[in-house]
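Coordinate inspection notes
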Amino acid sequence: MSVAARPAAVPVPRETAIAPDRGRRARARRKTLGRALLYATAALLALFVLAPIYLITVTAFTPRDAVYDYPKRLIPESFSIETMRFFVTSTGVLGSLWNSVVVALISLVLSTLIGTPAGYALARYVFRGRDAFRLTILSTRAFPIVILSIPLAVSFIDWGIYDTVWSVALMHTALALPFTVLITGSIFVGVPRDLEEAAQTLGCSPAQAFVRVVLPLALPGLAAASIFTFVLSWNEVFAATILTLRERTLPALVLSSLAASPAPFRFAAAWFMLVPSLIIIFVIRRYLLGMWGRVSR
Amino acid sequence: MAEIRLDGVTKTFDRKVRAVDDVQLTIADREFMVLLGPSGCGKTTLMRMIAGLEYPDGGRIAIGGRDVTDLPPRRRDIAMVFQSYAVFPHLTVFENIAFGLRMRKMAKAEVARKVERAAVLVQLEPYLGRYSAQLSGGQRQRVAVARAIVMEPSVLLMDEPLSNLDALLRLTFRAELKKLVAELNTTTIYVTHDQIEALSLGDRVAVMREGRVVQHGTPMAVYDRPATSFVGSFIGSPPMNFLRGRVEGQNGDLRVRLGEHALAAPAALAGHAGREVLLGIRAENIEAETTVVPDAISARTEVVEPLGSHLLLTAVVGDQRLKLQTRTDFPAAPDAPLWLRPEPDKLRWYDPETSQEIAAG
Amino acid sequence: MTSHRLGWAPYALLLPSLAFLAIFFAVPMVSAFGLAFQDASGAWGLASIRRMLGDAQFREALLTTLVLIVAIIPVQFALALAMALVINAKLKGAGLWLYVYALPLGISDLAAGITFFAIFTERGWLNSGLEGLGLIERPFIFLNYQTPFWLIFAVVLAESWRATAIIMVNLVAGLQGIPRDYLEAADVFGATLWQKIRRVILPLLRPSIQVSLILRTILAFQAFAVVIALAGSGLTVLSSEAYRWYGEYRDPNVAAAYAAFILVLSVVSTLLFLWLLPVRREQVG
């Protein structure tokens with residue numbers, strides 16, 4: 001597109017060379033037109049992404065009675081946190097919110113602790129079975145949550161942790177772990193091996209070299225990877241619903257009470273689930289391509 | 001006191017590739033040893049084994065009389081300058097240089113004193129507060145050197161430390177490095193693929209090929225009497241000339257036929273009578289005349305390259321080519337006839353099959 | 001005792017991950033099949049499978065799932081490719097465009113479902129808009145079990161909104177791997193944009209496209225919160241049947257049969273894509 005609009009490297013075709021001035025002007029016009037079209041497409045796509053977010057935000061912040069008003073106005077007449085308050089003070093919401101945070105944090109810590117060493121091994125060592133391990137990790141993504149949740153629910157009942165934050169957190173850790181291994185692996189690959197070896201020649205044991213040199217350099221990436229896990233857990237609904245009855249996470253609570261809850265409750269809930277994710281995506285925006293893009297290789 | 005003794009050191013990668021093959025080498029205390037060879041000859045792997053970053057499959061490594069084969073890098077009393085410099089990007093220049101001292105839990109004031117001194121030595125004092133990203137390539141290289149010498153190691157290892165600098169800087173740094181290492185007076189191993197660097201820096205040069213040390217000796221010795229035709233063609237610019245010739249005659253009157261000319265040959269070639277040998281001669285050891293000289297080899301000029309300080313001629317003898325140097329006022333012209341007289345004591349003879357030296361002079 | 005020569009170091013680092021995945025991935029996988037081939041009393045046999053196949057909802061769920069996949073994936077790919085090309089064109093504020101397009105990465109299917117419920121519901125945004133434009137006179141009921149077309153339409157739109165970003169990020173990463181020279185070479189030969197996409201970009205993006213297709217299809221088999229949030233019980237898919245059998249009918253065996261069935265479909269579709277879109281080795285990485 002922009003490439004199409006770059007005439008510099010393109011040899012001038014013969015027929016335009018006859019009337020160079022006209023040719024150049026026509027090309028310049030085409031270039032401007034192309035650019036305009038490109039920006040229009042870009043804006044339209046952005047509108048497609050942003051409009052629903054705007055609409056649910058407006059809906060979530062209209063007074064509770066006005067939620068049913070029709071027709072709706074794009075620019076709201078009144079702003080109110082009444083609907084929001086209704087949602088937050090509904091039975092179970094605060095508890096489930098707390099559960100969501102706890103589950104996401106446990107998953108984050110567990111998957112980082114368990115997955116980071118494996119990522120490091122993939123990045124730094126050449127060993128027998130390395131490719132097999134990578135393949136195993138990649139293939140876990142072909143297994144749907146659905147197939148894991150149901151047997152795990154049965155096991156968790158046996159182990160006595162069914163309907164606790166732990167059951168959901170363990171499940172979410174299992175879901176996040178392959179991602180953590182692959183992401184941290186690619187992060188460690190990005191820290192030159194020379195640095196680690198230099199540290200070792202300067203008096204570090206391998207562990208000290210890791211802590212003093214590799215870790216500080218990998219930290220931003222590792223943090224982004226953990227946040228990725230947090231989002232994964234915060235959003236997950238199937239396993240959370242199957243594995244809990246009373247100790248619901250927020251999505252599990254909303255889903256299980258969907259049929260019975262009034263519209264304002266749902267809208268406020270949707271907004272509430274949406275916002276943390278948007279903030280997090282903003283925080284780790286620099287790593288978006290590196291993580292989602294690389295992980296799916 | 002740190003003599004380095006390599007005893008049958010061997011390293012194989014992927015069960016197939018012999019990177020280092022049974023290397024036997026002793027580096028004297030305070031000696032500056034250069035490991036020279038083309039890429040893939042195993043010189044870096046050998047250095048990494050001395051550093052403890054690679055573990056040999058066979059053989060032993062001793063530093064200062066102590067067997068260090070099984071010791072990790074930190075217990076070997078070595079310091080290393082990496083080709084990439086490996087300057088820690090998250091630390092300032094000061095902290096980079098101080099890194100090793102801090103690992104030794106040295107007192108703060110002492111660390112500061114040593115870092116300052118090292119920084120002065122490599123002219124880095126104004127940059128102590130900067131980060132790697134704010135430094136030029138040359139400055140980074142200095143950080144890497146300072147970080148190594150501040151440790152006052154008994155062995156200093158340098159892996160192509162000049163190869164990432166541009167040509168002009170490399171020349172300056174080479175001289176500075178030589179001065180610095182001479183002041184430190186530490187046993188030093190220096191890896192390079194640049195033969196000029198090797199000649200200019202080393203007390204001794206070990207030339208490696210396919211995992212083996214082919215020859216080691218003082219730069220002048222290695223240059224002057226290459227042990228194999230490979231060494232001769234690898235060291236020197238232009239490389240040593242090699243001409244094929246047949247050994248004729250018998251004891252007392254041994255000659256080597258080069259085209260129409262027959263060259264007097266040393267008695268040591270007697271064993272090769274009737275066979276081909278390689279005559280090695282360097283470009284600067286051939287005298288050229290444009291008029292007929294008795295006993296000279298007749299040749300024809302092919303290319304004339306003026307190089308400022310001298311002329312480089314490509315000449316054809318029979319069906320073989322060789323290069324020679326002349327003064328700039330030499331009346332050379334393409335296609336002109338040429339008479340060549342190699343300095344007799346600079347002739348080197350090699351076996352074309354084994355490429356080993358048979359005789360000199 | 002020196003760690004630098006220890007061959008077992010990498011295995012020690014892998015061990016925790018392997019152990020965890022064994023307990024929480026491998027074991028449940030196997031036991032899911034175990035459950036599917038048992039009945040409620042624990043006796044082995046095909047009873048649960050037969051119950052699933054004989055269930056009135058089964059055919060509908062399977063059909064809807066397949067229809068959704070067939071409808072969603074082309075839409076998502078077209079959108080994702082457009083976004084990726086826009087980003088690759090390096091407009092002003094390229095980072096901002098990427099961020100905006102990537103926003104839905106963090107949005108759950110449940111939140112997306114409810115958001116689109118707010119749009120498609122009777123007194124919702126779509127009807128408000130259509131009426132404002134004078135296209136309709138009274139609200140049209142989109143989300144009605146009697147009009148499955150509109151239910152599916154809403155689900156397709158919501159899913160396209162939510163999950164296009166994942167493909168987009170893949171394609172952008174893939175596009176960045178295409179040397180600019182190729183495109184400029186195409187320019188020199190006077191290629192139109194469409195020709196460039198078809199003949200240069202898409203073939204070079206094949207590895208990224210293959211991965212995205214596999215990933216999206218697997219995820220699409222699992223998407224169920226969008227369906228429940230938008231259509232309630234008006235529309236059913238395989239994973240919502242699994243959910244219903246476990247949650248409402250308290251029958252883990254039939255639920256596991258559904259889960260196993262989804263897994264089989266996922267594997268089959270993965271193999272299908274690998275077969276349909278072979279990626280030569282030299283195209284990888």
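Residues numbered from 1 in each chain as written. Chains lettered and ligands numbered in written order. Predicted model: local features only at pLDDT ≥ 70, side-chain atom pairs only at ≥ 80, totals over all residues. Heavy atoms only, no water.

1. Some words on the interface of chain C and chain A
Many analyses report the size of an interface as the accessible area lost when the parts associate. Counting residues at the interface gives 94 residues for chain C, matched by 95 residues for chain A. Summed over both partners, the interface of chain C with chain A buries about 8,500 Å², with 79% contributed by carbon and sulfur atoms. Among the residues of chain C in contact with chain A, C:Phe24, C:Phe25 and C:Trp125 are the three that bury the most area, contributing 9% of the side total. Put simply, chain C and chain A have 0 salt bridges between them. Taken together, chain C and chain A are joined by 9 residue pairs in polar contact (both at pLDDT 80 or more). Element by element, the count of residues in the side of chain C that touches chain A is highest for helix H1 (residues 9–36) of chain C, at 19 residues. Considered class by class, the residues forming the side of chain C that touches chain A number 67 nonpolar, 17 polar and 10 charged. (Contact = heavy atoms within 4.5 Å. Buried area = accessible area lost by both parts, 1.4 Å probe. Salt bridge = Lys/Arg side-chain N within 4 Å of Asp/Glu carboxyl O. Polar contact = N/O pair within 3.5 Å; in protein donor to acceptor, adjacent residues only side chain to side chain. Helix = DSSP H or I, 4+ residues; strand = E, 2+ residues; numbered from the N terminus. Nonpolar A, V, L, I, M, F, W, Y, C, P; charged D, E, K, R; others polar.)

2. A word on the pattern of salt bridges
Two side chains bearing opposite charge may form a pair once their charged atoms approach each other closely. In the structure shown here, the tally under the stated rule is 33 salt bridges over all chains. In this structure, B:Glu183 and B:Lys179 form a salt bridge, with 4.0 Å as the shortest nitrogen-oxygen distance. With B:Glu183 and B:Lys179 both in helix H5 (residues 167–184) and 4 residues apart, the pair spans about one turn of that helix. A residue is classified by how much of its surface remains accessible, and B:Glu183, at 49% relative accessible area, is partly exposed. Here B:Lys179 falls in the exposed class, since its relative accessible area comes to 57%. Among the salt bridges present, the one from B:Asp253 reaches B:Arg255, with a minimum N-O distance of 3.5 Å. On the accessibility criterion, B:Asp253 (49% relative accessible area) is partly exposed. Through salt bridges with shared partners, a single ionic network connects A:Arg193, A:Glu197, B:Arg48 and B:Glu54. (Buried < 20%, exposed > 50% of the residue type's maximum accessible area, 1.4 Å probe, protein only.)

3. Considering the packing of aromatic side chains
Under the counting rule described, the total for this entry stands at 39 aromatic pairs over all chains. Relative to C:Phe224, the ring of A:Phe238 has its centre 4.9 Å away and its plane inclined at 70°; by these criteria the two rings are edge-to-face. In this pair, A:Phe238 is assigned in helix H10 (residues 238–242) and C:Phe224 in the loop between helix H10 (206–222) and helix H11 (225–231), connecting two distinct chains. Taking the relative accessible area as the measure of exposure, A:Phe238 reaches 3% and is therefore buried. Exposure remark for C:Phe224: the relative accessible area of 1% places this residue in the buried category. Considering the side-chain rings of C:Phe120 and C:Phe153, the 6.1 Å spacing of their centres and the 80° angle between planes classify their relative orientation as edge-to-face. (Phe/Tyr/Trp six-rings, centres within 6.5 Å; stacked < 30°, edge-to-face > 60°.)

4. Notes on the pairing of strand E8 (residues 187–192) of chain B
A regular strand carries its side chains on alternate faces of the sheet. All names here are of chain B. The element E8 is extensively covered by neighbouring structure, given that 6 of its 6 residues are classed as buried. Where strand E7 (residues 155–159) lies against E8, 5 bridges are found, and the strand directions are parallel. Counted as the bridge partner of Asp159 is Val191 from E8. Once the chain exits E7 it traverses H5 before rejoining the sheet at E8, and the crossover so formed is right-handed. (Pairing = 2+ DSSP bridges. Right-handed = clockwise from strand over helix to strand, strands pointing away.)

5. Some details on the sheet that holds strand E9 (residues 204–209) of chain B
All names here are of chain B. Strand order in the open sheet made by the 6 strands is E6-E7-E8-E3-E9-E10, with mixed pairing throughout. This sheet does not close on itself; its edge strands, each paired only once, are strand E6 (78–81) and strand E10 (212–217). The average angle at which neighbouring strand axes cross in this sheet is 20°, direction not considered. Of the strand pairs in this sheet, E9 and E10 are connected by 5 bridges, and their pairing is antiparallel. Opposite Arg209, over in E10, you have Arg212 as the bridge partner. Each of strand E3 (32–36), E6, E7, E8 and E9 is contacted by helix H1 (residues 43–51), which is oriented at about 150° to E8, the strand it contacts most. Strands E6 and E7 of the sheet are contacted by helix H4 (residues 137–149), whose axis makes an angle of about 175° with E6. (Axes fitted to C-alpha atoms, helices over the stretch in contact; angles between N-to-C directions.)

6. What to know about helix H3 (residues 56–88) of chain C
Residues spaced three or four apart along an α-helix point in a common direction, a consequence of the helix completing one turn every 3.6 residues. Under the 1.5 Å per step criterion, the end-to-end length of H3(C) is 48 Å for 33 residues, consistent within 8% with the ideal 48 Å. Two residues or fewer after H3(C) comes C:Lys90, characterised by a positive phi angle close to 55°. (Expected span 1.5 Å × (residues − 1).)

7. Concerning the nonpolar core
In a soluble, globular protein the nonpolar side chains are often hidden away together inside. With 184 residues, the main nonpolar core has A:Ile150, A:Leu255, C:Tyr101, C:Leu110, C:Ile114, C:Met168 and C:Phe224 as its most contacted residues. Ignoring sequence-local partners within four residues, the contact set of A:Leu255 consists of A:Val237, A:Thr241, C:Leu110, C:Phe224, C:Ala225, C:Ile228 and C:Tyr243. The next biggest cluster of nonpolar side chains, apart from the first, holds 100 residues, and it includes A:Ala198, B:Ile63, B:Val81 and B:Val155. (Core = buried A, V, L, I, M, F, W, Y, C linked by side-chain atoms within 4.5 Å.)

8. Quick notes on the environment of B:Leu128
All names here are of chain B. Mapped onto the secondary structure, Leu128 falls in the loop between helix H3 (108–121) and H4. Its relative accessible area of 11% is what places Leu128 among the buried residues. Spatially, the C-alpha atoms of Leu128 and Glu116 are 8.7 Å apart, while their sequence positions differ by 12 residues. Beyond its immediate sequence surroundings of up to four residues, Leu128 is in contact with Thr92, Val93, Phe94, Ile97, Val115, Glu116 and Ala119.

Geometry only, nothing functional implied.
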